[in-house]
Amino acid sequence: GRYGTYGGQFIPETLMSEIERITAAYNHYKADPEFLKEFHDLLNNYANRPSLLYFAEQMTADLGGAQIYFKREDLNHTGAHKINNVIGQALLAKRMGKTRLIAETGAGQHGVATATIAALFNMDCEVFMGKEDTDRQRLNVYRMELLGAKVHAVTTGTQVLKDAVTATMQEWTRRVDDTFYVMGSAVGPYPFPQMVHDFQSVISKEAKQQLLQETGKLPDAVVACVGGGSNAIGSFADFIDDPSVKLYGVEAAGDGVDTDRTAATIERGSDGIFHGMKSIFLQDKHGQIDKVYSISAGLDYPGIGPEHAALAKSGRAEYVGITDAESVDAFEYIAKTEGIIAAVESCHAVAYVEKLAPTMRKDQIIICTISGRGDKDVASIAKYRGVDINE
Amino acid sequence: GRYGTYGGQFIPETLMSEIERITAAYNHYKADPEFLKEFHDLLNNYANRPSLLYFAEQMTADLGGAQIYFKREDLNHTGAHKINNVIGQALLAKRMGKTRLIAETGAGQHGVATATIAALFNMDCEVFMGKEDTDRQRLNVYRMELLGAKVHAVTTGTQVLKDAVTATMQEWTRRVDDTFYVMGSAVGPYPFPQMVHDFQSVISKEAKQQLLQETGKLPDAVVACVGGGSNAIGSFADFIDDPSVKLYGVEAAGDGVDTDRTAATIERGSDGIFHGMKSIFLQDKHGQIDKVYSISAGLDYPGIGPEHAALAKSGRAEYVGITDAESVDAFEYIAKTEGIIAAVESCHAVAYVEKLAPTMRKDQIIICTISGRGDKDVASIAKYRGVDINE
Amino acid sequence: MSNLKQVFTDEKAFIAFVVAGDPNFDATVDHIVALAEGGADIVEIGLPFSDPVADGPVIQEADLRAFAAGANTDKVFDLVAAVRQRTQVPLVFLTYLNLIFKYGYDAFCAKCAELGVSGLVIPDMPYEERAGLAPYADQHGVDLVPLITPTSGDRIAKIAKAATGFIYVVSSLGITGTRDEIQTDLGSLVSQIKAVTDIPTAIGFGVHTPDQAAALGQVADGVIVGSAIVKLIAEHGDQAAPYLKQYAHEMKAALPAK
Amino acid sequence: MSNLKQVFTDEKAFIAFVVAGDPNFDATVDHIVALAEGGADIVEIGLPFSDPVADGPVIQEADLRAFAAGANTDKVFDLVAAVRQRTQVPLVFLTYLNLIFKYGYDAFCAKCAELGVSGLVIPDMPYEERAGLAPYADQHGVDLVPLITPTSGDRIAKIAKAATGFIYVVSSLGITGTRDEIQTDLGSLVSQIKAVTDIPTAIGFGVHTPDQAAALGQVADGVIVGSAIVKLIAEHGDQAAPYLKQYAHEMKAALPAK
């Protein structure tokens with residue numbers, strides 16, 4: 001249950017027996033051919049995998065350095081990488097005899113993915129979302145309700161994502177028998193970070209195979225955005241043991257790594273124990289968890305998955321910050337050059353590619369994961385640019 | 001240039017030489033292996049084809065009749081079937097040496113698709129959209145602008161889709177040398193309906209092959225929604241010569257076929273000549289074109305493609321109306337049973353499948369095309385249900 | 001075949017366009033009479049269509065005023081009957097094919113013949129699509145006035161050969177409306193037409209000043225003015241008759257002698 | 001190992017919980033003294049954490065009041081020092097592991113020993129994760145009070161064997177808060193614990209009435225009351241001391257004799 005000094009299972013005793021059962025079940029099913037077959041069938045025939053590995057010819061030419069490939073998780077059903085993991089966890093829940101899924105959500109992406117699979121599997125679904133977020137994202141609330149989920153507005157604490165996580169954990173401690181907590185990112189108590197790693201690793205497995213088939217080569221760099229870190233760990237997974245492949249995790253720096261309005265956990269945070277794991281967190285000197293900020297709701301989390309903390313500590317992966325302003329520029333840049341409206345989360349990675357590619361040779365290759373589509377962000381980008389889009 | 005008595009080239013003389021050039025170019029390139037290779041490369045590596053043929057297991061069980069398969073055009077890049085056609089036409093334009101694409105759009109889907117490909121091809125793009133629609137759909141206007149397109153609000157006539165078509169045609173007559181009019185549906189002067197047929201026929205070609213591979217059988221029925229009719233003609237194309245396959249085009253009946261608030265062209269319209277073609281239109285007894293209505297902006301067009309008019313007349317395809325109320329019910333039904341938020345356009349087809357499937361045997365098969373994703377419709381469905389989603 | 005061709009025999013022709021029913025039917029009758037009195041050789045009556053693909057904003061707005069006054073095909077025929085009580089100026093209709101199609105090709109042409117409407121200008125009926133209507137037009141002696149444009153190129157010969165009445169030479173690309181400069185080489189365009197037919201030519205789209213009339217009258221057998229007249233009507237409403245008469249007079253006077 | 005176990009030797013224990021700094025530090029000192037005077041055998045002091053996973057809304061709101069009063073780890077140690085001026089009632093901290101981790105395991109335990117804080121209740125530190133902190137706790141004689149819950153099952157033996165001070169028996173699933181009915185078979189749960197250890201047990205989560213105290217006192221060696229006390233403080237603010245004293249008296253009196 002550890003990644004170096006990080007990870008662990010820092011959760012209430014009420015949940016420990018359940019975590020033991022989940023661990024045992026997961027250890028069993030992750031090697032069960034039937035389970036894996038059903039998982040991959042759903043990935044392929046429902047989530048629409050494999051996702052494209054797309055050569056960004058215009059952007060490559062424009063930046064004049066390394067060849068840029070996008071791994072297009074935005075083309076998955078529901079529009080983001082989240083579905084990969086939710087399918088895996090929900091399938092495990094089903095195998096364990098659970099009939100009810102609960103999940104936290106920030107802007108709503110993970111909640112929508114969970115509600116989607118709950119609908120498909122005909123399971124009950126309840127989603128916890130900070131009141132501030134339910135107010136900002138009523139459309140996503142309605143979307144989850146359309147899918148049959150019940151959405152709870154969390155009115156405790158700062159009423160945002162971390163409070164939603166807390167509330168979901170509390171609900172789980174209240175009713176653990178029939179309920180599975182579908183963790184939305186590579187965080188939480190072990191084995192959740194490992195499950196998310198495994199279920200999301202399809203991203204890098206496909207990408208590696210696709211790139212080898214197209215070019216016969218491994219990439220020189222892999223770039224992915226990191227909030228909790230699920231798309232990034234999935235993008236890194238199959239390359240971690242390839243030492244020639246540099247791994248870059250791109251965090252949301254908000255107004256800047258050196259300001260208080262940031263979500264750049266690794267650059268600004270310190271070791272801590274929170275949400276079930278030992279990892280790196282944005283917190284004050286006493287250990288109180290900070291309120292964090294980013295234009296991107298999906299990166300707006302005060303921690304990072306424990307495997308990322310370990311990869312940062314060991315130096316195997318490098319973590320960099322990209323500001324709101326840089327990510328919005330990248331949002332516009334990829335739209336105009338490639339006709340792709342990418343999630344503002346993903347555009348943090350794109351912005352770093354814009355810096356990285358020109359420093360590399362033309363025969364080198366970058367794979368950048370587009371973790372989700374950006375239709376959800378068009379309104380906030382307009383607002384950021386001062387354009388009135390109220391309809 | 002005819003489909004039975006329908007079709008033709010009823011356009012200003014100013015455009016006739018250009019139409020002749022387009023016809024010649026299209027006749028050349030549609031048999032050019034290089035062109036077809038590039039077209040299919042873009043379909044596969046940019047638009048994310050082949051799209052899934054998805055067995056709707058829950059819905060099949062729930063309806064208790066024919067086996068229901070969805071052809072998932074909602075999983076294409078940009079979220080609808082529109083991109084197939086736009087890639088084909090834009091590629092033809094490029095081959096013809098054009099540097100500028102113009103297009104009409106209603107709610108914005110075709111405009112976004114055109115702007116997307118213009119960005120990818122680095123071509124200029126101007127989109128014409130009724131002022132009423134630019135006001136209602138500011139987000140889509142901004143989306144097109146993000147992609148580098150210039151959006152013109154059309155202030156003439158009723159300021160909706162048909163006026164946008166008129167304005168685009170006018171712009172085309174003004175500047176024809178470097179400009180290609182990317183027609184958004186299977187309408188307009190020949191060879192546009194045929195081009196759209198050909199470029200969209202990938203839907204039925206894939207679906208046939210996918211179904212044969214999975215079941216060894218042809219479908220017993222194909223169901224698709226019809227506005228201008230591009231997804232429907234694409235869904236029908238490869239089955240037209242298979243007489244055992246029943247073809248159903250589902251029109252938007254709005255408040256009802258017998259009311260004035262409808263867009264059910266074939267049930268309520270009559271023969272006419274408009275927008276470059278002889279076809280069936282909703283019009284008054286003098287031949288003035290009606291203002292039409294549907295909850296679905298994509299089906300809100302007073303005409304239908306000439307090939308559909310011919311298929312209706314010959315009886316090869318059957319056209320039926322689905323009301324706003326039925327389509328909204330279907331929108332909710334498919335979300336809850338299959339975890340798919342489908343475009344309200346497509347939900348007209350789904351609603352008809354709900355009626356059709358129970359009348360068929362369990363060994364029979366329906367293919368229903370999900371022409372696009374429904375994220376764009378969530379707000380209007382909420383509004384229809386009286387739920388406040390203003391954020 | 002009508003008498004239209006004869007209009008061009010002795011003089012360069014001034015052809016004036018109004019939208020039927022703009023701003024109301026009585027006014028349109030007055031306007032047509034005034035234009036004829038002022039010197040218009042042919043009056044082109046626009047039968048408004050809901051979606052006029054070839055028309056610019058000036059005429060589109062006139063169409064909306066006409067619809068507000070109740071314009072439809074039947075009403076426009078009534079209008080022509082009223083006009084015929086007061087003037088025998090040659091008349092043609094400008095309209096879109098759907099209105100003729102819905103009325104019935106035969107019936108529409110018969111009605112034109114009955115009311116003395118000599119020809120039809122149909123912007124959305126190119127050469128290739130005239131076969132449906134042409135037999136009825138021929139039978140009732142109604143000319144189908146074709147349009148030839150700067151982009152017609154190789155098409156000129158076949159269009160010109162089939163023309164009756166006169167040929168509407170479109171001065172520039174785009175839609176109707178006044179233009180300060182016309183850049184097309186109209187001399188060359190008209191020469192190509194004249195090489196295959198003796199049917200008269202009249203230049204329209206963008207023509208509005210007497211200077212233009214003088215210049216274009218050197219090139220073709222007549223000029224057609226639409227938007228400029230419609231603007232006068234927009235400005236003066238049902239009091240436009242004297243202005244129209246004066247304008248027609250100036251334009252006709254500016255045309256060179258044959 | 002501390003003196004905590006001794007508290008349970010002669011009597012059933014009443015353990016009272018307050019949040020440090022709710023509604024301010026002076027008041028909390030008064031409240032702790034009042035509870036001790038009323039009969040509380042141990043006072044459990046909540047060191048507030050920004051994200052209290054195990055706590056219900058009543059205690060979360062108390063945390064927010066404490067934060068508003070400036071609560072942090074240093075301030076809470078100062079508070080304990082002030083308490084120690086007025087009472088020698090046994091004290092334990094309830095807090096989350098991150099606050100201890102950030103202070104430093106060694107330093108935190110040393111400080112507890114210095115101020116006479118006998119034990120730590122850490123809801124997010126299960127048995128498997130105690131190895132980091134346990135050596136320092138041992139070294140400084142601070143008890144790590146484990147929680148055992150109705151879901152602990154097979155885990156009971158190992159948790160109980162490692163326990164020092166007392167064992168916090170969680171009455172029901174979920175988070176802290178008053179409950180009218182406790183459905184868990186607590187008798188069986190406590191028996192399982194008693195089968196492996198002689199460390200005293202105290203039942204918490206949902207306990208609030210003297211009747212509950214009487215009943216649960218038959219089962220375990222003590223009861224823990226949190227939310228009910230915090231509600232009194234929420235109601236009476238810095239004037240809550242007499243109510244707390246009275247409440248502690250009633251609860252203590254309701255407990256059965258050993």
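Each chain carries its own residue numbering, running from 1 in the written order of its sequence. Here chains are named by letter from A upward and ligands by number from 1 upward, in the order in which they appear as written. With pLDDT at 70 or above as the cut-off, local features in this predicted model cover only qualifying residues; side-chain atom pairs require 80 or more to be listed or tallied, and sums for whole chains, interfaces and linings still use all residues. Water and hydrogen atoms were dropped before computing side-chain values, which therefore reflect all heavy atoms in the structure.

### Description of the interface of chain A and chain B
Quick reminder of the rule: Contact definition: two residues touch when any of their heavy atoms are within 4.5 Å. Defined in terms of a 1.4 Å probe, buried area is the accessible area two parts forfeit on being brought together, summed over both. What counts as a salt bridge is simple: a side-chain nitrogen of Lys or Arg found within 4 Å of a carboxyl oxygen of Asp or Glu. For this analysis, a polar contact is any N or O atom pair within 3.5 Å, provided that within protein one partner can donate a hydrogen and the other can accept it, and provided that sequence-adjacent residues contribute only side-chain to side-chain pairs. Under the convention adopted here, Pro, Cys and the residues Ala, Val, Leu, Ile, Met, Phe, Trp and Tyr are nonpolar, Asp, Glu, Lys and Arg are charged, and Gly plus all remaining residues are polar.
Residue-level contacts link 47 residues of chain A with 47 residues of chain B. Taking both partners together, chain A and chain B bury about 4,000 Å²; carbon and sulfur atoms supply 57% of that area. Inspection of the chain A/chain B interface yields six salt bridges. Remark: the boundary between chain A and chain B carries 16 residue pairs in polar contact (both at pLDDT 80 or more). Here the residues of the side of chain A that touches chain B are counted per class, giving 20 nonpolar, 12 polar and 15 charged.

### Quick notes on the packing of helix α2 (residues 25-38) of chain D against helix α4 (residues 73-84) of chain D
All names here are of chain D. Under the convention used in this document: Inter-axis angles, ranging from 0 to 180 degrees, are taken between N-to-C directions of lines fitted to C-alpha atoms, where helices are fitted over the stretch in contact. Strands here mean DSSP runs of E at least two residues long; helices mean DSSP runs of H or I at least four residues long; both are numbered from the N terminus. An angle counts as roughly parallel when it lies under 35 degrees, as roughly antiparallel when it exceeds 145, as roughly perpendicular when it falls between 65 and 115, and as oblique in every other case. Each helix crossing is assigned a hand: it is left-handed if the near helix lies turned anticlockwise from the far helix by less than a right angle, otherwise right-handed if that turn is clockwise.
Where α2 contacts α4, the two axes come as close as 10 Å, and the packing angle between them is 45°. For the element pair α2 / α4, the angle class is oblique. Crossing of α2 against α4: the hand is right-handed. In this structure, α2 uses Phe25, Thr28, Val29 and Ile32 to contact α4, whose residues at the interface are Lys75, Val76, Leu79, Ala82 and Val83. Taken together, the residues of the contact of α2 with α4 break down into seven nonpolar, one polar and one charged.

### Overview of the interface of chain C and chain B
In this assembly, 35 residues from chain C lie in contact with 34 residues from chain B. Buried surface at the junction of chain C and chain B, both sides included, amounts to about 2,900 Å², of which 52% is carbon and sulfur. Contact with chain B buries surface across chain C, with C:Val53, C:Lys102 and C:Glu129 losing the most and accounting together for 21% of the total. Inspection of the region where chain C meets chain B yields four salt bridges. For C:Arg155, the salt bridge goes to B:Glu20, with nearest N and O atoms at 2.5 Å. Where chain C touches chain B, the interface holds 21 residue pairs in polar contact (both at pLDDT 80 or more). Going through the elements one at a time, α3 (57-68), α4 (73-84), α5 (97-103), β6 (147-148) and α8 (156-162) of chain C are the ones with two or more residues in the side of chain C that touches chain B. Per element, the largest residue contribution to the side of chain C that touches chain B is five residues, and it comes from α5(C).

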